[in-house]
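# Overview (structure and organization)
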Amino acid sequence: MIQLDSINKEEAMRYMGIGNTEPSEIINKIIDKCEAELLDVIHPLYTYSVFDINVSDDCIELKNTSVKLTGNAVKNHLRGCSGAVLFAATLGIEADKLIKRKQITDITSALAADALASAAIEQVCNMAEENIAAALAPVNMTWRFSPGYGDLPLSLQPTFLSVLNAQKRIGLTVTDSLIMLPSKSVTAVIGLSDKPIDKQRQGCAVCNLRDTCQFRKRGDRCVGC
Amino acid sequence: MSAVDKLFDKKFFVYLDGAMGTMLQARGLKTGEIPELLNITSPDILISIHREYIDAGSDIIYANTFGANRYKLDGCGYSVDEIITAGIKNAKKACEGTDTLVALDIGPIGQLLEPTGTLAFEDAYDIFKEQIISGAKAGADLVVFETMTDLYEIKAAVLAARENSDLPVICTMTFEDNMRTFTGCSVSAMALTLNGLGVKAIGVNCSLGPKELKPVVEELSMWTNLPLVVKPNAGLPDPATGGYNITAQDFAELFKELVPLGIRVVGGCCGTSPEFIARLHRILDPYEAEGLLPVHGIKENKVIPAAVCSPGKTVIIDSPKIIGERINPTGKKLFKQALVNNDIDYILGQAIEQAEAGADILDVNVGLPDIYERAMMVRTVKALQSVTELPLQIDSTVPEVVEAALRVYNGKPILNSVNGEENSLNTILPIVKKYGAAVVGLTLDEDGIPKTAQKRFEIAQKILKRALDIGIPREDIYIDCLTLTASAEQENVMQTLYALKRVKDELGLKTVLGVSNISFGLPNRGLINSTFLTMAMHSGLDLPIINPNNSAMTGAVRAFRLLTNADKNSAEYISVYNGFKADTPDRSAENITLDYAIEHGLKSEARRITSELLKTTEPMSIINDIIIPALDKAGAGFESGKIFLPQLILSAGVAQEAFDVLKAHMVKSDSAPVNRGEIIVATVKGDVHDIGKNIVKVLLENYGYTVIDLGKDVDYQTVVDAVKEHNVKLVGLSALMTTTLVSMKETIELIHQNELDCKIVVGGAVLTPEYAKKIKADYYAKDAKETVDIAKAVFGN
């Protein structure tokens, strides 16, 4: 379990579409209130498993599982790695419930809570990653690479969660349309290597959403790149 | 008597088995594969694992059917029936020549149920039903639901088992170290809900080891008299190695601490093996030999506190608790209109308002002559439970409405009401019993409301007897001695309170009273109401049904709780009233105008100013001359990048407040509300991200459009039906995921196939104008503001 003491509000404001200008006092108040409420209800959890990998021409296999990671992006991501961590984290269902409630009473608060929750799950992932690195030390780790990113298919999600036993371990499920629930959740594969790894992220170039990305339109970048 | 009943009669400790998955992986099963397929492809492996557990001393073994449901087996090449039949057969084969019983093992479906997820309660029921029928047919001795985290899912499961088989049912749920399941279900809510659903035993499995589960078992033991099941993991997992952290011997030793809590059914979950079951025998067998109860202080049957619950909130009725009365159309024009228009958000707003004002439980009454009460009640109960944790009191006397509502309620509700009439007792009490609800009994009968306390007391006695006879526990029977109107029957007012006191003191039942009727027809009603409320609480009233938004009434209850030492250290009272100032208007706000309030996001000021304006100005001119221009200004600012989305929707939210005031005024004066055109909005099938759609909705409503909101995860056909029914000219569809864009395409195709005369606007993060064109949408809107512009173009206004 991970304890969050505060949420990165600057990041949340970026998600809300607030540019570089100082938001009004009332918006700041809404954000502060939503932050406190979110921190009060969320129950962040993560889980992971460590696998040896088998690199073949068309995919990367996780040994002793039925998982095959396909596409060039993940191959680049795991280049030089001898193993991989499958990782999943979630803020839990209470974040969804809070956002839902806010949509009935005050849509601005709903937007703020939604953005804050997105920022919070990233923080949770970062903290979890540090814990994993400590547990597996000494080892070098790549950054997190998620299904749906680049050409790693989103359709991998159900198998991914099943291998991690994610519903049992952290209450994470995926719908037929491949939407994860609780919605503020992340899955990712992290490469492991004895040798130093170039942690360069691949950025917008491999992202499927680059054409519609609101961040890119503003000359900004999202958290994934 | 079933074999399971005999087993429970014969032995104090009943032994289950240990892990299946761990054993299968040790034999080479790859993770990610469907373990239930082995029932057919490798029966010998399963039979040998079962035998190991039988040899270790399991009285009940779980067949390898945990994930054998329609959803998880989809595409695997075998049917649910084939997999389950084979699974039970393997287990029975392993049991040959022993007394060991076989459980049909059923785990979570794997999809999250409504309201957070997309799987409907009724569909979950069908999925379980299919499993139960196969398992019973194949010869299972009992059904076990395990590793459940969603109270709603386990309720669907238990109903499916009880209604489609005679098999005894054991339920175990999985709790985390915060004493909640992943979906937020508390230990007390699990027990309160399952106690009444006719199961054989309840308990916990998985997630933690026996040491960490002790507080959970301790809590559970306070809330049930059913046999307690404990099936923990082999300690805590180490993800780096995939192993667990305690040995079989340590595991079994830890059970010694659980024995005084009254545990009876024991076994192991993840990471355990036959060795763990054998060690449990070694530790626990001596207790049985010694004769348990006197030696080890195991508690005898205890009294369960009177309480009702939702999954996340248990309300113990140990001091006056407020039942909010506002979800009720009687005498409320706006509410009636909302019901007729299916405007569920209005009802949800009423719920949240009462919750914030201090209600503990919400009464739900949606009875109106013109609407189909049963469907409306089901929809309302589900929707309310998606936004509030307060337990509900279902307010209806129509048996089919009562049954439908108690069925879909998630938790343990109150039913309001049964009364002393034979017909009511005969039809309502069996439904209450079946679903394990609490029930309000009204002290009236075929002859009406008796004038005297004595007669009402006698009716209460009759209701109590009939409820007990049918098996409803005493703590779940609440009596309403019925408030009369002081202006009409002043001489009988005290009879209500005399009866109430006797019901409380002599029958030991909880009491309910609708308070506000007392003052009907009198001036200064609030004074009479709060005085009567205080008198009633002093006579022993537990559940006042009041308007919690009335601060004098809610305050009286809080003060009473403080003065009777129920609110310990005045904690609740101080938290509510600390820093409390009597209502004084903010002077600086006096000069604010409505357009200033909209621009600066000042909600309460907007309400106040709008009310003021209505004294001198026509509603339509407030809309056209003030609100719309202010919104246009904000919209222009947004387009030019001067203000950002949050500020825009903040302004929209304030305008909505002003509209609410205007709407209430117009409904009161019977003038038609503003309507510049009807628009349907929906988040497409498969998609559950609806915040964007809801922002669009608020903005459209601001501009005077009537929005018919079909919600999220909306079937194609539902959209088409709604377009036909309301004959709308504009449909807005939203999708957030690349995976759900296809649903958007399908919806549009179906609209076109039906040759409906409407325009379609689409939006959502992953959408492009090109794709919108490709799927034959008429318009692409990049944001909420643009949707308004499109609506203006479509409707020519």
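### Observations concerning the overall build of chain B
Across its full length, chain B holds 32 helices and 25 strands. For a compact globule of 797 residues, the expected C-alpha radius of gyration is about 28 Å, and chain B comes in at 30 Å, within 12% of that figure. Projecting the C-alpha coordinates of chain B onto the three principal axes gives extents of approximately 90 × 75 × 50 Å. Scored against the burial criterion, the 797 residues of chain B give a buried share of 54%.

### With respect to the sheet that holds strand E18 (residues 477-480) of chain B
Residue and element names in this part refer to chain B. Taken together, the eight strands give a closed barrel; going around it, the order is E13-E14-E15-E16-E17-E18-E19-E20, and neighbouring strands pair in parallel fashion. Between one strand axis and the next, the sheet turns through 30° on average, direction left out of account. Summarising the sheet, strand E19 (residues 510-514) and strand E20 (residues 543-546) pair through three bridges and their orientation is parallel. Within E20, the position partnered with Val-512 by the bridge is Leu-543. Where helix H14 (residues 344-357) meets the sheet, its contacts fall on strand E13 (323-327) and strand E14 (361-364), and the angle it forms with E13 comes to roughly 150°.

### A short note on the environment of Val-366 of chain B
All names here are of chain B. Mapping Val-366 onto the fold places it in the loop between E14 and helix H15 (373-387). A residue is classified by how many C-beta atoms lie within 10 Å of it, and Val-366, with 27 of them, is buried. As for Val-366 and Met-377, which are separated by 11 residues in sequence, their C-alpha atoms are 6.2 Å apart. Dropping the residues within four chain positions of it, Val-366 is found in contact with Pro-329, Leu-339, Glu-373, Met-376, Met-377 and Thr-380.

### Remarks on the domain arrangement of chain B
Residues and elements named next belong to chain B. By the assigned domains, chain B splits into domain 1 (3-296), domain 2 (307-564), domain 3 (587-668) and domain 4 (678-795). At the junction of the two partners, domain 1 supplies 17 residues and domain 2 supplies 16 residues. Only helix H7 (151-164) and helix H8 (187-195) provide two or more residues apiece to the side of domain 1 that touches domain 2. Among the elements that line the side of domain 1 that touches domain 2, the one with the most residues is H8, at five residues. Of the residues belonging to the side of domain 1 that touches domain 2, the class tally is eight nonpolar, seven polar and two charged.

### Concerning the environment of Asn-126 of chain A
Residue and element names in this part refer to chain A. Relative to the helices and strands, Asn-126 is located in helix H5 (residues 107-136). The exposure class of Asn-126 is partly exposed, given the 13 C-beta atoms found within 10 Å. Taking C-alpha positions, Asn-126 is 9.8 Å from Trp-143, a pair spaced 17 residues apart along the chain.

### Some words on the nonpolar core
One finds Leu-116 of chain A together with Ala-103, Ala-140, Val-143, Val-158, Cys-171 and Val-439 of chain B to be the most contacted residues of the largest nonpolar core, which totals 332 residues. With 15 residues, the single largest contributor to this core is H5 of chain A. Excluding residues within four positions of it along the chain, Val-439 of chain B makes contact with Ile-414, Leu-415, Val-418, Val-432, Ala-467, Ile-472, Asp-476, Ile-477 and Tyr-478 of chain B.

### Examining helix H4 (residues 43-56) of chain B
All names here are of chain B. Taking 1.5 Å of rise per residue, the 14 residues of H4 would be expected to cover 20 Å, and the 20 Å separating its terminal C-alpha atoms lies within 8% of that figure. Taken as a whole, H4 has its buried residues at Leu-46, Ile-49, His-50, Glu-52, Tyr-53 and Ile-54. Contacts made by the buried residues of H4 are with helix H2 (21-26), helix H3 (38-41), strand E2 (60-62), helix H5 (80-95) and helix H11 (274-290).

### Focus: the interface of chain A and chain B
Counting residues at the interface gives 54 residues for chain A, matched by 51 residues for chain B. Those elements giving two or more residues to the side of chain A that touches chain B turn out to be helix H2 (25-41), strand E1 (45-55), helix H4 (93-105), H5, helix H6 (157-164) and helix H7 (166-170) of chain A. A per-class count over the side of chain A that touches chain B returns 22 nonpolar, 22 polar and 10 charged.

### What about the packing of helix H26 (residues 619-639) of chain B against helix H27 (residues 645-668) of chain B?
Residue and element names in this part refer to chain B. At a minimum axis distance of 10 Å, the contact between H26 and H27 shows a crossing angle of 170°. Relative to H27, H26 is oriented roughly antiparallel. When H26 is examined against H27, the residues Pro-619, Ile-622, Ile-623, Ile-627, Leu-631, Ala-634, Gly-635 and Phe-638 are found in contact with a partner set consisting of Leu-648, Ser-651, Ala-652, Ala-655, Ala-658, Leu-662, His-665 and Met-666. A per-class count over the contact of H26 with H27 returns 13 nonpolar, three polar and no charged.

### Focus on the sheet that holds strand E6 (residues 201-205) of chain B
Residue and element names in this part refer to chain B. Across the sheet, which stays open at both edges, the eight strands sit in the order E1-E10-E7-E6-E5-E4-E3-E2 with parallel pairing between neighbours. Only two strands of the sheet have a single neighbouring strand rather than two, namely strand E1 (14-15) and E2. Examined bridge by bridge, strand E7 (residues 228-231) and strand E10 (residues 263-266) share three bridges and lie parallel to one another. If you follow Val-230 over to E10, its bridge partner there is Val-266. Here helix H1 (residues 3-10) sits on the sheet in contact with E1, strand E3 (101-106) and strand E4 (142-148), set at roughly 110° to E3.

### Brief notes about the pairing of E1 of chain A
Residues and elements named next belong to chain A. Of the strand pairs in this sheet, E1 and strand E4 (residues 83-90) are connected by eight bridges, and their pairing is antiparallel. If you follow Val-50 over to E4, its bridge partner there is Val-85. Where E1 folds back onto strand E2 (residues 59-62) in an antiparallel hairpin, the turn is made up of three residues.

### Here's the deal with the confidence of the model for chain B
All names here are of chain B. Taken over all residues, the pLDDT of chain B has a mean of 93, while the share at 70 or more is 97%. Scored below 50 in pLDDT, residues 583-587 shows zero contacts in the model against residues more than four places distant or in partner chains. Prediction confidence for the complex, expressed as pTM and ipTM, is 0.91 and 0.87 respectively.

### Details of the packing of H2 of chain A against H4 of chain A
Residues and elements named next belong to chain A. Contact geometry of H2 with H4 gives a least axis separation of 9 Å together with a crossing angle of 145°. Along this stretch, H2 crosses H4, giving a crossing that reads as right-handed. Contacts between H2 and H4 involve Glu-37, Leu-38 and Val-41 on the former and, on the latter, Glu-94, Ala-95 and Leu-98.

### Notes on helix H18 (residues 453-470) of chain B
All names here are of chain B. Taking 1.5 Å as the rise per residue, H18 with 18 residues should run 26 Å; its terminal C-alpha atoms sit 26 Å apart, in good agreement. Taken together, the buried positions of H18 are Ala-453, Arg-456, Phe-457, Ile-459, Ala-460, Ile-463 and Ala-467. For H18, the angular spread of buried residues about the axis comes to 160°, placing them on one side. Pointing more than 90 degrees away from the buried face of H18 are the exposed residues Gln-454, Lys-465 and Asp-469.

### Some details on unusual backbone geometry
Of note, the amide linkage connecting Leu-181 of chain A to Pro-182 of chain A takes the cis form, showing an omega dihedral of 0°. Tracing the chain through its elements places Pro-182 of chain A in the loop between strand E7 (180-181) and strand E8 (185-193). Omega for the peptide link from Glu-114 of chain B to Pro-115 of chain B comes to 0°, which places this bond in the cis form. If you trace the backbone, Pro-115 of chain B turns up in the loop between E3 and helix H6 (121-138). Not every positive phi belongs to a glycine, and Leu-178 of chain A is a case in point at roughly 70°. For Leu-178 of chain A, a count of 19 C-beta atoms within 10 Å puts it in the partly exposed group. The phi dihedral of Asp-713 of chain B falls on the positive side, at around 50°, and the residue is not glycine. Within the secondary structure, Asp-713 of chain B is located in the loop between strand E22 (706-709) and helix H29 (716-726).

Procedures and definitions
- Residues numbered from 1 in each chain as written.
- Chains lettered and ligands numbered in written order.
- Predicted model: local features only at pLDDT ≥ 70, side-chain atom pairs only at ≥ 80, totals over all residues.
- Helix = DSSP H or I, 4+ residues; strand = E, 2+ residues; numbered from the N terminus.
- Rg over C-alpha atoms; globule rule 2.2 N^0.38 Å.
- Buried ≥ 20, exposed ≤ 12 C-beta atoms within 10 Å, placed from the backbone.
- Pairing = 2+ DSSP bridges.
- Axes fitted to C-alpha atoms, helices over the stretch in contact; angles between N-to-C directions.
- Contact = placed C-beta atoms within 7 Å.
- Domains from an automatic or database assignment.
- Nonpolar A, V, L, I, M, F, W, Y, C, P; charged D, E, K, R; others polar.
- Core = buried A, V, L, I, M, F, W, Y, C linked by C-beta atoms within 7 Å.
- Expected span 1.5 Å × (residues − 1).
- Parallel < 35°, antiparallel > 145°, perpendicular 65-115°, else oblique.
- pLDDT = per-residue confidence, 0-100.
- Left-handed = near helix turned anticlockwise from the far one by under 90°.
- Arc of directions from axis to C-beta.

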